[in-house]
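# Commentary on secondary and tertiary structure
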Amino acid sequence: MFQINENYPKLPGSYLFSEIGRRVNAFQKEHPEQEIIRLGIGDVTRPLMPSVVRAMHAAVDEMSRAETFRGYAPEQGYEFLRTRIARHDFASRGCDISPDEIFVSDGAKCDVSNIQEIFSTDCRIAVGDPVYPVYVDANVMAGRAGEYDPDTLRWSRVIYLPCTEENGFVPELPEETPDLIYLCSPNNPTGTAMNRQELQKWVDYANREHAVILFDAAYEAYIHENNIPHSIFECPGAKTCAIEIRSFSKTAGFTGVRLGYTVVPRELVTAGGQALHPLWIRRQSTRFNGVSYIQQQAGAAVYTEEGQREVEESIAYYMENAKRIREGLQAAGFTASGGVNAPYIWLKTPGGLSSWQFFDQLLEQYGLVGTPGAGFGACGEGYFRLTAFGSHENTDRAMERLRRGTFG
Ligand code: PLP
């Protein structure tokens with residue numbers, strides 16, 4: 001008689017974006033005439049960059065010839081990509097990361113959710129609140145989160161790090177000591193990025209407490225200010241306490257191509273002396289069969305001069321939207337933050353509305369879709385996330401609709 005993993009039924013019924021999709025579809029069915037502008041889901045909208053398209057075509061051509069055909073990729077990824085990552089993303093910023101500490105993957109979502117497998121289920125996790133829901137759900141599935149309280153939106157064994165207006169949406173050191181600490185900077189959903197001092201404080205804390213930081217830098221390319229580290233390895237001491245996860249999705253528009261990587265430093269060991277690097281090699285070679293040559297060549301193209309120029313252009317395009325959203329919100333009397341080092345803008349819901357009430361009003365009265373803050377955790381209640389991934393035109397039209405709006 002089969003039984004299911006008893007942790008799965010504990011997961012809240014519907015995934016945040018499925019619930020948003022359900023409400024939008026229901027509304028659209030009743031009001032087919034209403035044009036909907038989506039500033040909700042964090043997906044890019046611009047087509048693939050020319051350098052990437054060329055590299056993918058060339059890789060397909062190579063694979064179509066018997067002499068240059070390629071099958072399974074090396075388990076950590078091709079050397080040509082890992083050396084470029086090490087040089088461009090780390091050495092250029094003074095971080096000593098070698099190509100063999102880099103594990104190429106099909107994106108950050110898999111890595112941030114799978115990396116917890118190499119830790120004991122007894123480990124206590126800490127997450128920011130609000131939080132990218134994948135961190136928590138993956139630990140629920142693994143049996144590490146305890147029991148869920150739908151009234152408080154909290155799991156009994158998870159240590160929450162409130163990110164509020166009072167602390168500038170930057171997590172503070174907790175009273176209870178966690179073993180695994182998820183930090184996301186620039187942050188989804190708040191759009192806040194941690195500065196050098198703030199991140200160093202966490203690195204020192206993790207080393208002191210023998211905790212591991214799982215640092216999600218998926219939005220690193222959106223950093224504009226000088227005092228914001230692009231990598232946690234810019235902080236002295238991080239190699240003995242941190243794993244970093246990166247993605248090509250938002251950097252180079254790869255959400256549909258799929259490519260990311262994780263850095264597991266060789267110096268990262270448990271208090272008992274067990275190194276994590278060989279464990280992650282073992283795990284990946286058992287449960288993952290690599291990323292295609294085509295995707296990895298596409299990734300390598302991102303590091304060429306032309307690729308870098310195109311990345312800059314694309315980020316500048318989205319960040320122009322972020323600026324228009326920030327200014328539009330201000331003109332419409334909203335309180336908002338983020339959007340300076342991240343493509344996300346975090347606004348306070350007006351008139352004391354809950355975040356789902358605001359979602360419904362925006363959708364029903366103005367045909368606008370955003371993401372209710374409560375979907376990211378208790379501290380997200382009373383907040384709402386807008387993203388800069390639309391077109392200039394739609395962003396302007398969305399702001400115009402908001403300016404005209406009365407809420408409450
Ligand atoms: N990490 C964060 C914080 C994200 O917001 C996202 C995607 O939205 C991801 C990871 C997933 O990235 P990928 O497309 O590489 O799986």
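Values in this document were obtained by computation on a predicted structure and should not be read as measured data.

Let's shift gears to the environment of glutamate 306. Turning to its location among the elements, glutamate 306 is positioned in helix 10 (residues 305-331). A sequence separation of 38 residues divides glutamate 306 from leucine 268, and the C-alpha atoms of the two residues are 35 Å apart. The contact partners of glutamate 306, leaving out residues within four places of it in the chain, are Pro50, Ser51 and Arg54.

Right, let's get into the sheet that holds strand 11 (residues 336-338). Remark on secondary structure: sheet strands pair via backbone hydrogen bonds, oriented parallel or antiparallel. Spatially, 4 strands are ordered 11-12-15-14 in an open sheet, and the strand pairing comes out antiparallel. In the strand order of this sheet, the two ends are held by strand 11 and strand 14 (371-372), each with one partner. Pairing geometry for strand 12 (residues 344-348) and strand 15 (residues 383-387), over 5 bridges, is antiparallel. Considered in strand 15, the bridge of lysine 348 is made with tyrosine 383.

Glancing now at the packing of aromatic side chains. This structure, assessed with the given rule, holds 24 aromatic pairs. Summarising the aromatic geometry, the rings of tyrosine 78 and phenylalanine 80 are spaced 5.3 Å apart at their centres and angled 15° between planes, so their arrangement reads as stacked. Plain terms: the ring middles of phenylalanine 248 and tyrosine 261 are 6.4 Å apart, the flat faces sit at 70° to each other, and that makes the pair edge-to-face. Pair noted here: phenylalanine 248 is in the loop between strand 9 (242-247) and helix 7 (249-252) and tyrosine 261 is in strand 10 (residues 260-263), with a separation of 13 residues, a long-range link. By relative accessible area, which is 4% here, phenylalanine 248 ends up buried. We classify tyrosine 261 as buried; its relative accessible area is 2%. Linked through ring pairs, Phe90, Phe233, Phe248, Phe254, Tyr261 and Tyr303 together constitute an aromatic cluster. A cation over an aromatic ring shows up here: arginine 46 above the ring of tyrosine 317, its NZ or CZ 4.6 Å from the ring centre.

Here the focus is helix 9 (residues 293-302). Judged by how many residues are buried, helix 9 sits mostly within the fold: 9 of 10 residues are covered. Three or more residues of helix 9 are buried, namely Tyr293, Gln295, Gln296, Gln297, Ala298, Gly299, Ala300, Ala301 and Val302. Looking at the packing, one finds that the buried side of helix 9 touches helix 2 (50-63), helix 3 (79-90), strand 2 (102-105), helix 7 and helix 10.

In this section: the domain arrangement of the protein. Domain parsing of the protein yields domain 1 (8-47 + 307-404) and domain 2 (52-304). Taking only C-alpha atoms into account, the centre of domain 1 sits 25 Å from that of domain 2. Listed per partner, the contact involves 35 residues of domain 1 and 46 residues of domain 2. Summing both sides of the interface, domain 1 and domain 2 together bury roughly 3,300 Å²; the carbon and sulfur share of this comes to 60%. When residues of domain 1 are sorted by the area they lose upon contact with domain 2, Lys10, Asn341 and Phe376 head the list and together hold 20% of the total. Where domain 1 touches domain 2, the interface holds 15 residue pairs in polar contact (both at pLDDT 80 or more). With 6 residues, helix 10 is the single largest residue contributor to the side of domain 1 that touches domain 2. Broken down by class, the residue content of the side of domain 1 that touches domain 2 amounts to 20 nonpolar, 11 polar and 4 charged.

What counts as what
Residues numbered from 1 in each chain as written. Predicted model: local features only at pLDDT ≥ 70, side-chain atom pairs only at ≥ 80, totals over all residues. Heavy atoms only, no water. Helix = DSSP H or I, 4+ residues; strand = E, 2+ residues; numbered from the N terminus. Contact = heavy atoms within 4.5 Å. Pairing = 2+ DSSP bridges. Phe/Tyr/Trp six-rings, centres within 6.5 Å; stacked < 30°, edge-to-face > 60°. Buried < 20%, exposed > 50% of the residue type's maximum accessible area, 1.4 Å probe, protein only. Lys NZ or Arg CZ within 6 Å of the ring centre and 35° of its normal. Domains from an automatic or database assignment. Buried area = accessible area lost by both parts, 1.4 Å probe. Polar contact = N/O pair within 3.5 Å; in protein donor to acceptor, adjacent residues only side chain to side chain. Nonpolar A, V, L, I, M, F, W, Y, C, P; charged D, E, K, R; others polar.

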